[in-house]
Amino acid sequence: MLWRRLPLVLTIVVLGVLTSFYMIVSSPRVYEASAVIQLDMPAAIDQGTDSSLPASRRVQLIEQRLMARANLREVIERLGLFADTPLSESEKLVALRSSTRIESIAAPGVSVDSRMSLAAIVITAQAETPATAAAIANDFANSVVNRDRENRQVRILEAQEYLRSEERRLNEQLSEQERKLVEFSARNEDALPSSQEFLQTQLAQLTETETALDRDIMTLQRERLSLEAGGLAAEMRPPASLVQQIRTAEIELAQARRTLAPDHPEIRRLEENLKLLNSGTGSGGPDVIRRQTELIQAQLTKLNEQKAGIALRRTEIGRARARAPEVSRELEAMTRQQRRLQDRYNEISRQLAQVETQQMLMENDQTERFVMLERALPPEYPAMSNRKKSAVMGAGVSVGLALVAAFALELLNPVLRRSEQFARATGTRPVISLPYRQTAADLRRRRLRNLYMVVVLVLGVLVALWMIGKVPGLPSPGVVPMPTDGMG
């Protein structure tokens, strides 16, 4: 079957192989260059910003910064990419973004969630020429190395400005809250929870004082009644002799001087009374009783005023104790607010100290930094393309298609060519079988058939040489457009 259908099989195979070969030849020559950046971690490492993130997230942030429109536009202008192509700006940015790849190399023996799991970053760029591919990779790598410190410094300054403004704001709020708390405590001093024990003690003291005042009032009232009763009795009996009154006044004065200070009012009163008796102008009777009564009345008035003050203070304490629950709730709310502000202030102060530590470490060059470990060099050979695999698969498919076509033609033309076929078809075995004797026309067709196959093979070889540019004067066919076209 293969021999009879060899021209068809050869034609299909040659066309399929040439098509596959064209895919190989026409595949664009894309050069790929890579730059390696090492992450240097000194002993003193700051614990903020990107350094605390996992490696995957940090590489993602770096890629987002590099692939921003503004940065890509600067790279295109700096390297002069797409100078002779009529592409729009968006198409240029998409082409450059799709031709650049950023990968991370994890540190061995470190968890992927650790901030120290990132060991290096590999930036790979593709372009039409080796020099352009290396230039793009090195430009992105230099951007990471050179701008990293600047970006970190900008972030630290922004963080400092925000934290300091927040610290000032919280400090003002804390001062205002403390002022409100002091004013509230001053207005409700007796109703504060801390004053309840003191108020209870004061109530007991007021009760004792009031009892003592009642006792003194009763004593003074008894004295006043005694004086009034004594005055009536003195009016009813004859007055005592002057000598007896003087003698009694002297005895009272002597006893008072032994017990009282020389400038005591009682001593002065007794001396005045003695002078009056000696001068003969005072009798010492109703006038003394009257003055003693007035003195007792003044003392009673004083004691009653003290008792009224105690009653007023007891009323104030009762009102304050009634307001104690409400005041306690308001005080607790104000205290909670003050505590929240204080906690927030402490947290802001801690973050500010941390940021200032980061700035100091950066000034002393003790922070993590990116170091260019290996610059991208112009590659000597183009990168492998998946189109080659597709071309090989296409050649295999062409061979299979040729076999299927030959078999299909045999099925469409079921001719008995051997005695075994005749026996299977008729059930009778032929007595004799003679080989086919070719005629002159058959020989001519066979020569033409062989010539056709030779021509197909020769043309296939020539076309293959033309595709690879080995035929003088015939340029190789153009390549398929790629996103890197026009980069240089």
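Model, not experiment: these values are computed from the prediction.

Some remarks on the overall build of the protein chain
Here's step 1: Assigned secondary structure in the protein chain consists of 12 helices and 4 strands.
Here's step 2: For the protein chain, the proportion of its 488 residues judged to be buried stands at 30%.
Here's step 3: Per element, the accessible surface of the protein chain, about 30,900 Å² overall, is 58% carbon and sulfur.

Description of the packing of helix α3 (residues 69-79) against helix α5 (residues 130-187)
Here's step 1: The N-to-C vectors of α3 and α5 enclose an angle of 125 degrees; their axes lie 11 Å apart at closest approach. The angle between α3 and α5 falls in the class oblique. α3 and α5 meet at a crossing whose hand is right-handed. Residues N71, L72, E74, V75, R78 and L79 of α3 lie in contact with α5, whose contacting residues are A135, I136, D139, F140, S143 and R147.
Here's step 2: For the contact of α3 with α5, the residue count by class is 6 nonpolar, 2 polar and 4 charged.

Let's talk about the side chain of N71
Here's step 1: Mapped onto the elements of the fold, N71 is located in helix α3.
Here's step 2: Once residues within four sequence positions are removed from consideration, N71 is found in contact with R65, L66, F140, S143 and R147.

As for the UniProt feature "coiled-coil region" (unreviewed entry) in the protein chain
Here's step 1: UniProt tags residues 156-223 and 324-358 as "coiled-coil region" (unreviewed entry).
Here's step 2: As annotated, residues 324-358 comprises 100% helix and 0% strand, and the C-alpha atoms at either end are separated by 50 Å.

Examining the nonpolar core
Here's step 1: Formed by 32 residues in total, the largest nonpolar core has its most connected members in L96, I121, I123 and F140.
Here's step 2: Those elements giving two or more residues to this core turn out to be β1 (31-40), α2 (55-66), α3, α4 (89-98), β3 (118-127) and α5.
Here's step 3: The leading source of residues in this core is α5, at 7 residues.
Here's step 4: In terms of nonpolar packing, the next biggest core, distinct from the first, is built from 11 residues, L203, L206, L213 and L220 among them.

Description of the pattern of salt bridges
Here's step 1: Evaluation of the coordinates by the stated rule reveals 15 salt bridges.
Here's step 2: Salt-bridge contacts for E356 lead to R164; the nearest nitrogen and oxygen are separated by 3.6 Å. Within this pair, whereas E356 is found in helix α9 (residues 286-363), its partner R164 is found in helix α5, the two being separated by 192 residues in sequence.
Here's step 3: A residue is classified by how much of its surface remains accessible, and E356, at 35% relative accessible area, is partly exposed.
Here's step 4: When its relative accessible area of 36% is taken as the criterion, R164 is described as partly exposed.
Here's step 5: Salt-bridge contacts for R336 lead to E332; the nearest nitrogen and oxygen are separated by 3.9 Å. With R336 and E332 both in helix α9, this residue pair falls 4 residues apart, about one helical turn.

Regarding the environment of D216
Here's step 1: Among the structural elements, D216 can be located in helix α6 (residues 196-236).
Here's step 2: The class for D216 is partly exposed, based on a relative accessible area of 36%.
Here's step 3: As for D216 and L300, which are separated by 84 residues in sequence, their C-alpha atoms are 8.5 Å apart.

What to know about the confidence of the model for the protein chain
Here's step 1: When pLDDT is averaged along the protein chain, the result is 77; 78% of the residues meet or exceed 70.
Here's step 2: Confidence over residues 46-52 falls short of pLDDT 50; this stretch has 22 contacts with residues more than four positions distant or in other chains.

Looking at the side chain of Q177
Here's step 1: Mapped onto the elements, Q177 comes out in helix α5.
Here's step 2: Beyond its immediate sequence surroundings of up to four residues, Q177 is in contact with M334, Q337, Q338 and L341.

Section: the pairing of β1
Here's step 1: In terms of strand pairing, β1 meets β3 through 8 bridges, oriented antiparallel. Paired with A33 across the bridge in β3 is A125.
Here's step 2: Two elements, β1 and strand β4 (residues 369-374), share 5 bridges in a ladder whose sense is antiparallel. Note on β4: the bridge partner recorded for I37 is M372.

The rules we used
Residues numbered from 1 in each chain as written. Predicted model: local features only at pLDDT ≥ 70, side-chain atom pairs only at ≥ 80, totals over all residues. Heavy atoms only, no water. Helix = DSSP H or I, 4+ residues; strand = E, 2+ residues; numbered from the N terminus. Buried < 20%, exposed > 50% of the residue type's maximum accessible area, 1.4 Å probe, protein only. Areas by Shrake-Rupley, 256 points an atom, 1.4 Å probe, with all protein chains shown as cover. Axes fitted to C-alpha atoms, helices over the stretch in contact; angles between N-to-C directions. Parallel < 35°, antiparallel > 145°, perpendicular 65-115°, else oblique. Left-handed = near helix turned anticlockwise from the far one by under 90°. Contact = heavy atoms within 4.5 Å. Nonpolar A, V, L, I, M, F, W, Y, C, P; charged D, E, K, R; others polar. UniProt positions renumbered as here; feature names shortened; annotations may be inferred. Core = buried A, V, L, I, M, F, W, Y, C linked by side-chain atoms within 4.5 Å. Salt bridge = Lys/Arg side-chain N within 4 Å of Asp/Glu carboxyl O. pLDDT = per-residue confidence, 0-100. Pairing = 2+ DSSP bridges.

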